[in-house]
Amino acid sequence: MIARPDRTTHREPLNLSNEILVAPLGRGIQITLNDPKGVSDAAALELTNLLLSAHERGAYVVLRSSSDDFCTGRNNPRPPAGAAQPDALDRRRSSEVVFNCYQSFRTCTVPIVGVVTGKAVGFGCSLATSCDITLAAEGATFQVNEMNHRILPTMVMSSMVDRLPRKAVAYLVLSRAVITAERAREMSIVSEVVPAAQLDARVAELAALFDQTPSAAMAGTKEYLGAAYDMPIKGAIDFARNLHATINAAPEMRAEPVV
């Protein structure tokens, strides 16, 4: 269902913890990862809830980091050597927080723009891939290194299965290569590579454009992208017809166009 983020009144900063910072950004919100050690399960849950309710606070989301690196993985220390190992069901339950976080990027009804500087490793690479648009600074690097830690990387792979070509995913997880922002763009992890000194200006430019774009149009675009690629061609075309008629009938779509 198309959200109407313009109607929200909840525009004050919402900082539930120090690991995730949230603040208004034009008609959208900015979510900032604020722990250089990585993202804990608690922070992943907080991010999930923020994305699922983002339409109540803004017309779009900008996701970035307060540190030099975007995200170097998860910050969840392994149990000490000799500790009892969880059984398969407990292990599955404990991993749900990550799978749910990846799914929240798909379920979020407003566009998400990722802003990547420095390293995006493991969980961080997945977050960058999951955003609808990802801007990366020149010099940013990306890696899926789970195999180096004897971890089967199907968590990461699940975030990429509807985003990247099969050979790109296989190469990332099996080679564990550190790839450049330019190579990440070729693989469809990144949308645009920007000189580091110009990255903030490019983010501001894109946010200003979104501020002038009808919320219904952005939410409708997100809805179509989230559903059409799983449909047969005829269904995708019929869905486009119906969504086109519905969204373009909204009063906000009849205002002066952005030029």
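Residues numbered from 1 in each chain as written. Predicted model: local features only at pLDDT ≥ 70, side-chain atom pairs only at ≥ 80, totals over all residues. Heavy atoms only, no water.

1. Observations concerning the layout of surface pockets
Stage number 1. The volume enclosed by the second largest pocket comes to roughly 540 Å³.
Stage number 2. Lining the second largest pocket are 22 residues, and of these Cys131, Asp132, Asp162, Arg163 and Leu225 lie nearest its centre.
Stage number 3. The leading source of residues in the lining of the second largest pocket is helix H8 (residues 215-228), at six residues. (1 Å grid on protein atoms, 1.4 Å probe; cavity = no way out; pocket = protein on both sides within 12 Å on 5 of 7 lines; lining within 4 Å. Points joined across faces, edges and corners; volume = space filled by probe spheres on them. Helix = DSSP H or I, 4+ residues; strand = E, 2+ residues; numbered from the N terminus.)

2. Examining the sheet that holds strand E2 (residues 28-33)
Stage number 1. Read from one edge of the open sheet, six strands run E1-E2-E3-E4-E6-E9, paired in mixed fashion. Since the sheet does not close on itself, it has two edges, and those belong to strand E1 (20-25) and strand E9 (192-194), each with one partner. Strand-to-strand twist of the sheet, defined as the mean angle between neighbouring strand axes without regard to direction, takes the value 20°.
Stage number 2. Judged from the five bridges that link them, E2 and strand E3 (residues 61-65) form a sheet pairing that is parallel. The partner of Ile29 across the bridge, within E3, is Val61. (Pairing = 2+ DSSP bridges. Axes fitted to C-alpha atoms, helices over the stretch in contact; angles between N-to-C directions.)

3. Things to note about the environment of Ala181
Stage number 1. Along the chain, the position of Ala181 falls in helix H6 (residues 181-187).
Stage number 2. A relative accessible area of 1% places Ala181 in the buried class.
Stage number 3. Sequence spacing of Ala181 and Val116 is 65 residues, and the spatial spacing of their C-alpha atoms is 9.1 Å.
Stage number 4. Apart from the residues lying within four places of it in its own chain, the contact partners of Ala181 are Ala136, Ala137, Ala140, Phe142, Val190 and Val193. (Buried < 20%, exposed > 50% of the residue type's maximum accessible area, 1.4 Å probe, protein only. Contact = heavy atoms within 4.5 Å.)

4. Digging into empty space enclosed by the protein
Summary: where empty space remains is shown by rolling a probe the size of a single water molecule over the atoms.
Stage number 1. By the definition in use, this model includes one cavity of 30 Å³ or more.
Stage number 2. Of the voids in this model, the largest cavity is the one considered here, and its volume is about 50 Å³.
Stage number 3. Forming the walls of the largest cavity are Leu33, Asp35, Pro36, Gly38, Val39, Ser65, Ser67, Asp69, Phe70, Cys71 and Thr72.
Stage number 4. Residues belonging to the lining of the largest cavity are distributed by class as follows: five nonpolar, four polar and two charged. (Nonpolar A, V, L, I, M, F, W, Y, C, P; charged D, E, K, R; others polar.)

5. A short note on the environment of Asn76
Stage number 1. With respect to the helices, strands and loops of the structure, Asn76 is situated in the loop between E3 and helix H2 (88-107).
Stage number 2. By relative accessible area, which is 30% here, Asn76 ends up partly exposed.
Stage number 3. Residues contacting Asn76, with those up to four places away along its chain left out, are Val39, Ser40 and Asp41.

6. Things to note about unusual backbone geometry
Stage number 1. For Arg150, which is not glycine, the phi torsion reads 55° and is therefore positive.
Stage number 2. Examined against the element boundaries, Arg150 turns out to sit in the loop between strand E7 (141-143) and helix H4 (154-160).
Stage number 3. Its relative accessible area of 81% is what places Arg150 among the exposed residues.

7. Some details on the nonpolar core
Stage number 1. Counting 51 residues, the largest nonpolar core has Ile31, Phe142 and Ile189 as its most contacted members.
Stage number 2. For Ile31, the contacting residues outside a window of four places in its chain are Ile20, Leu21, Val22, Leu47, Leu50, Leu51, Val61, Val62, Leu63 and Arg64. (Core = buried A, V, L, I, M, F, W, Y, C linked by side-chain atoms within 4.5 Å.)

8. Quick word on the pairing of strand E6 (residues 133-137)
Stage number 1. Counting buried positions along E6 gives four out of five residues, so the element sits mostly inside the fold.
Stage number 2. Where strand E4 (residues 112-116) meets E6, four bridges bridge the pair, whose relative direction is parallel. Residue pairing for E6: Gly114 is matched across the bridge by Thr134.
Stage number 3. Sheet topology places E6 next to E9; three bridges connect them, and they run parallel. For Ala137, the partnering residue across the bridge sits in E9 and is Val194.

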